[in-house]
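# Structural description and commentary
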Amino acid sequence: MKRIFLAALALLLAACASTTVRSEWRDPADAAGAVERLAVFVAARDGTTRAFVEGQLALRLAERNRVLAASGGALGLGADVSEARLREALARDGFDAALLVRLVSTDTVRQYHPPETRFVGGGWGGWGPGYRSFYSYYPFVYTTPGYTTTTTRVVVELLLYRLPEGRMVWNAVTETVNPDSSAELVEGVERVLADGLRRHRLLAPRPGA
C-alpha cells in the first residue's frame, strides 16, 4: 500500500505545468487583418530575462505563423529607448504591430496535507470491519503520511498594438501553474498567445502548424 501511495503522490507532484487564459479582449473596430511584421517587447528590469523571453517568443511565433517576428533587443531597442527613437526604428523597418508582454504577479502557496487512516476493502465480507475481530480488521488498515505540496501561479499580460498609430487591438491575461523553468513558462504563454491571435485572425498560421 505504501508503494501505491508514493506512486500516486509522485504523479501529483510531477504534474505538468498548464497555461490558461484568465481574460481576453479584442477591439471590434479593428479590421486591418493579420499581422505581417511583429516587434516583441518584454517589460522586465533584468536584461537577461528580457532578452531570453523576447527571443523565444519571436522565434516560436515566426516558426508556426506567417509573420516576421523580431525581439526588441535584436532591433537595438532596449528598455531605455526614447519614444522618438522607438517610433522611428519601427516605422523604418516596416513593423505593423508590436507585442508587449509584462509579468503581473508570481504567487507561491504551500499546503500541508495531514496523515489519513484508510481501510482497504475486502477480507471481511459484507458485515463491515467493525463486526469482525481485531485480527481480521487490522491488516486492512493503513495510514498515509502527511506531505506538503507547493503551487506556483504566474500571471502574464499580453498586449498587441497596431503600428504606426500605437492603438491596442487585443489583450489577454494568462495564468501558468507550476512552471518548471522559464522556458516552460514561455512555451505555455506562446501557445495560448498564438492560439488567441489566430482565433481573432491577427496571425495567419503556416501550413501544417
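Higher on the page you've got the structure.
Residues numbered from 1 in each chain as written. Predicted model: local features only at pLDDT ≥ 70, side-chain atom pairs only at ≥ 80, totals over all residues. Heavy atoms only, no water.

### Structural notes on the pairing of strand β4 (residues 97–113)
Bridging between strand β2 (residues 37–43) and β4 involves six bridges; their strand directions are parallel. Within the sheet, the bridge partner assigned to A39 lies in β4 and is A98. Both β4 and strand β7 (residues 147–162) contribute to a ladder of 16 bridges, which runs antiparallel. Bridge assignment links L100 to a residue of β7, and that residue is L159. (Pairing = 2+ DSSP bridges. Helix = DSSP H or I, 4+ residues; strand = E, 2+ residues; numbered from the N terminus.)

### Topic: the packing of aromatic side chains
The tally for this structure, following the rule as stated, stands at zero aromatic pairs. In this structure, R37 is placed above the aromatic ring of F95, and the distance from its NZ or CZ to the ring centre is 5.3 Å. (Phe/Tyr/Trp six-rings, centres within 6.5 Å; stacked < 30°, edge-to-face > 60°. Lys NZ or Arg CZ within 6 Å of the ring centre and 35° of its normal.)

### Considerations on the side chain of S71
Relative to the elements of secondary structure, S71 occurs in strand β3 (residues 68–71). S71 sits in the buried class, given a relative accessible area of 11%. Of the polar contacts made by the side chain of S71, one reaches the backbone nitrogen of A74; its length is 3.1 Å. Leaving out residues up to four positions away in the same chain, S71 has contacts with V40, E54, G55 and A58. (Buried < 20%, exposed > 50% of the residue type's maximum accessible area, 1.4 Å probe, protein only. Polar contact = N/O pair within 3.5 Å; in protein donor to acceptor, adjacent residues only side chain to side chain. Contact = heavy atoms within 4.5 Å.)

### A few points about the sheet that holds β3
Spatial strand order, β1-β8-β7-β4-β2-β3: six strands in an open sheet with mixed pairing. Both outer strands of the open sheet, β1 (18–26) and β3, are each paired with one neighbouring strand and no more. Within this sheet the neighbouring strands show an average axis-to-axis angle of 25 degrees, counted without direction. (Axes fitted to C-alpha atoms, helices over the stretch in contact; angles between N-to-C directions.)

### A word on the environment of L90
With respect to the helices, strands and loops of the structure, L90 is situated in helix α3 (residues 83–92). Overall, L90 belongs to the buried group, its relative accessible area being 8%. Setting aside anything within four residues of it in sequence, one finds L90 in contact with A39, F41, L75, L77, F95 and L163.

### Topic: the nonpolar core
One broad rule of soluble globular proteins: the nonpolar side chains tend to lie buried together. By size, the foremost hydrophobic cluster in this structure holds 28 residues, and its most contacted members are L38, L99, L160 and W170. Of all the secondary structure elements, the ones that give two or more residues to this core are β2, α2 (47–64), β4, β7, β8 (167–177) and α5 (182–199). The biggest single contributor to this core is α5, with six residues. In contact with L160, not counting residues within four places along its chain, are V35, L38, A97, A98, L99, R167, M168, V169, W170, L197 and L202. Within the second largest apolar cluster, nine residues are counted, among which are F41, L77, L90 and F95. (Core = buried A, V, L, I, M, F, W, Y, C linked by side-chain atoms within 4.5 Å.)

### A short note on the side chain of T176
Along the polypeptide, T176 turns up in strand β8. Here T176 falls in the buried class, since its relative accessible area comes to 1%. Among the polar contacts made by the side chain of T176, one reaches the side chain of T19 at a distance of 2.8 Å.

### Focus: the pattern of salt bridges
One pass over the structure, following the stated rule, counts 14 salt bridges. A salt bridge links E24 to R199; its shortest N-O distance comes to 2.6 Å. Residue E24 is located in strand β1, and its partner R199 is located in helix α5; the two are separated by 175 residues in the primary sequence. Since its relative accessible area comes to 33%, E24 is described here as partly exposed. D30 is the partner of R167 in a salt bridge, and the nearest nitrogen-oxygen pair spans 3.2 Å. You can see R167 sitting in strand β8 and its partner D30 sitting in the loop between β1 and β2, a full 137 residues away along the chain. Residue R167 is classed as partly exposed on the basis of its relative accessible area, which comes to 34%. The class of D30 is buried, set by a relative accessible area of 8%. Salt bridges sharing common partners tie together R26, D27, D30, R162, E165 and R167. (Salt bridge = Lys/Arg side-chain N within 4 Å of Asp/Glu carboxyl O.)

### Quick word on α2
Its 18 residues place the ends of α2 26 Å apart at the C-alpha level, agreeing with the 26 Å of an ideal helix rising 1.5 Å per residue. Of the surrounding secondary structure, the elements contacted by the buried residues of α2 are β2, β3, β4 and α5. (Expected span 1.5 Å × (residues − 1).)

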